[in-house]
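Residue-level listing of the chains:
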Amino acid sequence: MISREGILSQLDQEAKNYTFPMLDNGYYYHGDQKMVIFRDESRWAILIEIFAFNNHDYDVNGFTAYSGDVDPIPEMLTP
């Protein structure tokens, strides 16, 4: 079974590595965001959908995925 502490530990590590999405980033105008969480007895995955426009680089931001033991699809992740 997956522990709550294990999931939070991984998400905390993503925040320390600056790879967790920051919704209060001053360089992006956020249009919308959504979080979907999947879980069963042995696996979990989080998909965070963000639609945001970078007002300095004229770039649009997209998807971010986190998971416990399921590798994210690289094509879905933004650089």
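Refer to the preceding data block for the structure.
Novice: Would you mind showing me how to read the environment of Ile-7 here?
Specialist: Counting through the fold element by element, Ile-7 comes out in helix α1 (residues 4–16). Separated by 38 residues in the primary sequence, Ile-7 and Ala-45 have C-alpha atoms spaced 9.6 Å apart. Setting aside chain neighbours within four positions, we find Ile-7 in contact with Ile-2 and Trp-44.

Novice: I'm lost on the pattern of salt bridges in this one. Help?
Specialist: Under the defined criterion, the tally for this structure stands at 1 salt bridge. Its salt-bridge partner being Glu-49, residue Lys-34 comes within 3.4 Å of it at the nearest N-O pair. Separated by 15 residues along the polypeptide, Lys-34 in strand β1 (residues 28–39) and Glu-49 in strand β2 (residues 44–54) bring together distant segments of the chain.

Novice: Explain the environment of Arg-43 to me, please; I cannot follow it from the model alone.
Specialist: Relative to the helices and strands, Arg-43 is located in the loop between β1 and β2. Between the alpha carbons of Arg-43 and Ile-2 there is a distance of 7.3 Å; along the sequence they are 41 residues apart.

Novice: Sorry, what's going on with the pairing of β1 here?
Specialist: On any regular strand, side chains alternate: one points to one face of the sheet, the next to the other face. Looking at chain direction, β1 and β2 are connected through 11 bridges and run antiparallel. Note that in β2 the partner of His-30 across the bridge is Ala-52. Count of turn residues in the β1/β2 antiparallel hairpin: 4 residues.

Novice: Explain α1 to me, please; I cannot follow it from the model alone.
Specialist: Note on helix geometry: an α-helix contains 3.6 residues per turn, so any two residues three or four positions apart are oriented the same way. End to end, α1 covers 18 Å across 13 residues, agreeing with the expected 18 Å (1.5 Å per residue, within 8%). Among the residues of α1, Ile-7, Leu-11 and Glu-14 are the ones counted as buried. Considered in projection along α1, the buried side chains sweep an arc of 50 degrees and stay on one side of the axis. Opposite its buried face, α1 presents the exposed residues Glu-5 and Lys-16, each directed more than 90 degrees away.

Novice: Can you help me understand the side chain of Asn-54 in this one?
Specialist: Assignment of secondary structure puts Asn-54 in strand β2. Given a relative accessible area of 9%, Asn-54 falls into the buried group. What Asn-54 contacts, discounting residues up to four positions off in sequence, is Tyr-27, Tyr-28 and Asp-59.

Novice: Please explain a nonpolar patch on the surface as it appears in this structure.
Specialist: A contiguous nonpolar patch, built from Tyr-29, Phe-51, Phe-53, Tyr-58 and Val-60 and spanning about 600 Å² of accessible area, is present on the exposed surface. A relative accessible area of 54% places Tyr-29 in the exposed class.

Calculation notes
Residues numbered from 1 in each chain as written. Predicted model: local features only at pLDDT ≥ 70, side-chain atom pairs only at ≥ 80, totals over all residues. Heavy atoms only, no water. Helix = DSSP H or I, 4+ residues; strand = E, 2+ residues; numbered from the N terminus. Contact = heavy atoms within 4.5 Å. Salt bridge = Lys/Arg side-chain N within 4 Å of Asp/Glu carboxyl O. Pairing = 2+ DSSP bridges. Expected span 1.5 Å × (residues − 1). Buried < 20%, exposed > 50% of the residue type's maximum accessible area, 1.4 Å probe, protein only. Arc of directions from axis to C-beta. Patch = residues over 30% accessible without salt bridge, like charges linked within 9 Å, V, L, I, M, F, W, Y side chains within 5 Å. Areas by Shrake-Rupley, 256 points an atom, 1.4 Å probe, with all protein chains shown as cover.

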